Structures are given as C-alpha cells and as structure tokens.
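What follows is the residue order along each chain.
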Amino acid sequence: MMSNTKRLRDIKWSVLDLAPVIEGGTVSDSFKNTLDLAQHAEKWGYNRYWLAEHHNMPGIASSATSVVIGHVAGGTSKIRVGSGGIMLPNHAPLVIAEQFGTLDALYPGRIDLGLGRAPGTDQITAQALRRDLGSMGDDFPYQLEELRTYLDPKRSETPMKIRAVPGEGQDIPIWLLGSSGFSARLAGREGLPFAFASHFSPDNTLPALELYRNTFTPSEVLDEPYAMVGANVVVAETDEEAAKIATSLQQQFVNLVRGMPSKLKPPVESMDGIWSPYEKAALDQQLRTTFVGSPDTVKQKLQAFLDETQADEIIVNGQIYDHKARLRSFEMLAEIVKEN
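Residues numbered from 1 in each chain as written. Predicted model: local features only at pLDDT ≥ 70, side-chain atom pairs only at ≥ 80, totals over all residues. Heavy atoms only, no water.

A tally of helices and strands in the chain yields 12 helices and 9 strands. Compactness check: the chain gives a C-alpha radius of gyration of 19 Å against a globular reference of 20 Å for 340 residues, within 12% of the reference. Look at the contacts in the chain between residues 6 or more apart in sequence, and 73% of them connect residues 24 or more apart. Accessible area of the chain: about 15,200 Å², with a carbon and sulfur share of 53%. (Helix = DSSP H or I, 4+ residues; strand = E, 2+ residues; numbered from the N terminus. Rg over C-alpha atoms; globule rule 2.2 N^0.38 Å. Contact = heavy atoms within 4.5 Å. Areas by Shrake-Rupley, 256 points an atom, 1.4 Å probe, with all protein chains shown as cover.)

What follows is about the packing of aromatic side chains. Centre-to-centre distance and the angle between the planes together describe a pair of aromatic rings. Inspection of the entire model under this criterion finds 7 aromatic pairs. Between Trp 50 and Trp 175, the aromatic rings sit 5.3 Å apart at their centres with planes inclined by 85°, giving edge-to-face as the arrangement. Of this pair, Trp 50 sits in strand 2 (residues 48-51) while Trp 175 sits in strand 5 (residues 174-178); the two residues are 125 residues apart in sequence, bridging distant segments of the chain. Plain terms: the ring middles of Phe 194 and Phe 196 are 6.2 Å apart, the flat faces sit at 55° to each other, and that makes the pair tilted. For the pair Phe 194 and Phe 196, one class covers both residues: buried. An aromatic cluster of at least three residues, connected via ring pairs, comprises Phe 194, Phe 196, Tyr 212 and Phe 216. Against the face of Phe 182 rests Arg 117, its NZ or CZ located 3.8 Å from the ring centre. (Phe/Tyr/Trp six-rings, centres within 6.5 Å; stacked < 30°, edge-to-face > 60°. Buried < 20%, exposed > 50% of the residue type's maximum accessible area, 1.4 Å probe, protein only. Lys NZ or Arg CZ within 6 Å of the ring centre and 35° of its normal.)

This paragraph deals with the layout of surface pockets. A probe matching the size of a water molecule, rolled over the atoms, marks out where space remains unfilled. One number sums up the size of the second largest pocket: a volume of about 440 Å³. A class-by-class count of the residues in the lining of the second largest pocket yields 10 nonpolar, 2 polar and 7 charged. (1 Å grid on protein atoms, 1.4 Å probe; cavity = no way out; pocket = protein on both sides within 12 Å on 5 of 7 lines; lining within 4 Å. Points joined across faces, edges and corners; volume = space filled by probe spheres on them. Nonpolar A, V, L, I, M, F, W, Y, C, P; charged D, E, K, R; others polar.)

This next bit is on helix 5 (residues 140-151). Here helix 5 contains 12 residues, and its C-alpha end-to-end distance of 17 Å stays within 8% of the 16 Å for a straight helix at 1.5 Å per residue. On its buried side, helix 5 packs onto helix 3 (93-106), strand 4 (111-116), strand 5 and helix 6 (181-190). (Expected span 1.5 Å × (residues − 1).)

Attention now goes to empty space enclosed by the protein. Throughout the structure, instances matching the rule amount to 1 cavity of 30 Å³ or more. A volume near 100 Å³ is recorded for the largest cavity. Forming the walls of the largest cavity are Pro 20, Ile 22, Thr 26, Asp 29, Ser 30, Asn 33, Thr 34, Ile 320, Tyr 321, Asp 322, His 323 and Arg 326. Listed by contribution, the elements that provide at least two residues to the lining of the largest cavity are helix 1 (27-44) and helix 12 (323-339). Examining the composition of the lining of the largest cavity, we find that 4 residues originate from one element, helix 1, more than from any other. Its residues placed into classes, the lining of the largest cavity shows 4 nonpolar, 5 polar and 3 charged.

The next subject is the packing of helix 11 (residues 295-309) against helix 12. Remark: helix 11 packs on helix 12, axes separated minimally by 10 Å, with the N-to-C direction vectors making an angle of 60°. By the angle between their directions, the pair helix 11 and helix 12 is classed as oblique. Crossing handedness for the pair helix 11 and helix 12: right-handed. Every residue of helix 12 that contacts helix 11 at Pro 295, Val 298, Lys 299 and Leu 302 is listed here: Met 332, Leu 333 and Ile 336. Per-class residue counts for the contact of helix 11 with helix 12 are 6 nonpolar, no polar and 1 charged. (Axes fitted to C-alpha atoms, helices over the stretch in contact; angles between N-to-C directions. Parallel < 35°, antiparallel > 145°, perpendicular 65-115°, else oblique. Left-handed = near helix turned anticlockwise from the far one by under 90°.)

This next bit is on unusual backbone geometry. Going from Gly 84 to Gly 85, the amide bond is cis rather than trans, its omega being 5°. Tracing the chain through its elements places Gly 85 in strand 3 (residues 80-87). The residue Asn 56 is not glycine, and still its phi comes out positive at about 60°. With respect to the helices and strands, the residue Asn 56 is situated in the loop between strand 2 and helix 2 (65-74). For Gln 310, which is not a glycine, the phi torsion comes out positive at approximately 55°. Locating Gln 310 in the fold gives a position in the loop between helix 11 and strand 9 (313-317). Using a relative accessible area of 5% as the deciding quantity, one classes Gln 310 as buried.

Moving on: the nonpolar core. In terms of nonpolar packing, the biggest core is built from 66 residues, with Trp 13, Tyr 46 and Leu 115 touching the most fellow members. With 7 residues, the single largest contributor to this core is helix 12. When residues no more than four places from it in sequence are discounted, the contact partners of Trp 13 are Leu 8, Tyr 46, Asn 47, Arg 48, Leu 302, Glu 313, Ile 314, Val 316, Leu 333 and Val 337. Core analysis: the next-biggest nonpolar cluster, separate from the first, contains 10 residues, Leu 18, Trp 175, Ala 195 and Ile 315 among them. (Core = buried A, V, L, I, M, F, W, Y, C linked by side-chain atoms within 4.5 Å.)

With relative accessibility at 4%, the residue Trp 175 sits in the buried group. Beyond its immediate sequence surroundings of up to four residues, Trp 175 is in contact with Arg 48, Trp 50, Asp 112, Leu 113, Gly 114, Leu 115, Pro 193, Phe 194, Ala 195, Tyr 226, Met 228 and Glu 313.

Written as structure tokens, this is what we have:
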C-alpha cells in the first residue's frame, strides 16, 4: 500500500519545453526564449530541462533536439538538460549514441536521454525521416538494446565491430517515455526510470504507472521504480487571468485536432466561436491534466494530482504566448512548490 503523504515540496519539479514558435515571432526568438527560461528555471531550483522532438509542426522549434540541448546546456551551469524525448525509431541508434556521447562529454553529468517510440509527427513526415513504417515501433526494444550496447559494450556477448565515439563507456541516464502501456512495461522490465505523457494522455496515466511499478525489476540503474509524469500548468495572479492565458494552448490543440498544426496564437477572451461543442468536449478530456489558475487553485489541483499518481517527479509544460507571462508562471509554480 502506497503512502499518500507526499507533499509538493517532497518531489522534484522539472520543465518540458516545446520551444514554441509564436504567431508573429521567429524560430530565433523561440531559441532565445528557451535559453532565457532555462536560465531562470535553474535559478528557481527546477531539477531538469527537457526538450522534445517533433517534426512538421510550425509551432514547435525543437526538431533538431540534440542541437537545442547543447544550446541550453551551454548557457546554464547545473540544471540537468535532456530530451523529452528523442523519438528513437526516427534515428539510427548509433547516431543517437554519438550525439548524446558528445553532449555528455561537453557537459559531464548533466545530460539525460529520454527515448520515445512514436514518430513525433504524421506518417508522411515519418516516411521522409527514413523510418520503416511497417514496424509501428514494435522493434523499439531492439533499438533500445542496440543503443545501450553502444554506450556499454559489455552488454554484448561478442566483441563490438562498431564503436560509438563519443558515447562508448559514458554513463548517460536513459529514460523511457510513453503515453500507453508499451514503454511502461519495457521500462519496468529493464529497471529504467519512466516518464509518462499525462499532459496529453490523461486516461492512460494511472494504468501505465501501475503497470510500470508492478513489472519493475531492480537493475544496475535503479533499485526501485522512479516515475515522472507530465502536466500542463498555467499560473497567474487570478483564475480569470490564467484562464485567458491558457486559451493559447487550447487553440493549439484545436488546430492539432483539425489536422492544421499552427504557431502558438495570442490569448483570446473566450474560446466560444473558435471551437465546436465536440472539440470542446474532446479537449476537456485530453487536457484534464492541465492545471490553470491562481497559486491557490493550482496548488490544490497539483496536490490532488500528486495524491493520485504518487509521482517521484513532475515535469511541467507551459505553452504560454507571452514570454514574460511564461516566466512568471514558472516562477509562481516554483514558489508554490517550496511553500507546500
């Protein structure tokens, strides 16, 4: 029986940055804002700063994820920086071993390698990435083992003919990311830390966490399960102000549902007239793990979420149009966490 006494201050908090490209802004602006947020997050005590691989998305600038991780790690000094995640089926495992071996050599002890098995895009773009569409990610466990063996050749029963330089012999923490049970079971079986994308797949959160914890086998990496969950968070001075700021995220999801991904749009006074009743219902369901409001409101919602998931760490996405408002949201969240 798990204890339900975890408080917000008892766990670690991290940032998931989709490097939003805002309407009226440029990709260069996005990367400046990303580094600025990372530097502030480090100052405010966040544990890690992760960037995500998405392709063919006009509103997300972090497609060359390894490059942006290097940019952020180079502009910060102690916060962990990593991928949330690298979509391994899009890449040769050797290339990822070399890229993250390079990052780890440049910024020792600060780099995380979070891996997902989805394409992070649509099927046509997945094909353009030279991905074998017949696999549907089913060969992910083999790709994972290939990658881990490049980093640690002792995992191989025969001498390695191909070596990852940089990468070989480097201790780079590997996380498995998921929005279903597949990676939860694999992470448990391999004894790896697990991060669940509850910020866009809330229905599967508790079943996946239960599966991970129930199948967990201690390893040289972990003695016991370590689960991180994602959440969308928007904090402002009042519930009304936060609700308006959050309409940027809502508009982005509506456009995604319509198959028309867009840049991050400015907030609107009301979503009425923008979404249909069906779209509103779909978004209310998909964004249930989105916590919007004043500090008091968000504190209560996050504590309830922690009670439910018993997460070891929560990673927060803040899709906020105005950079100052985004900074303020993460600053207020850091204050909430310290006080509770």
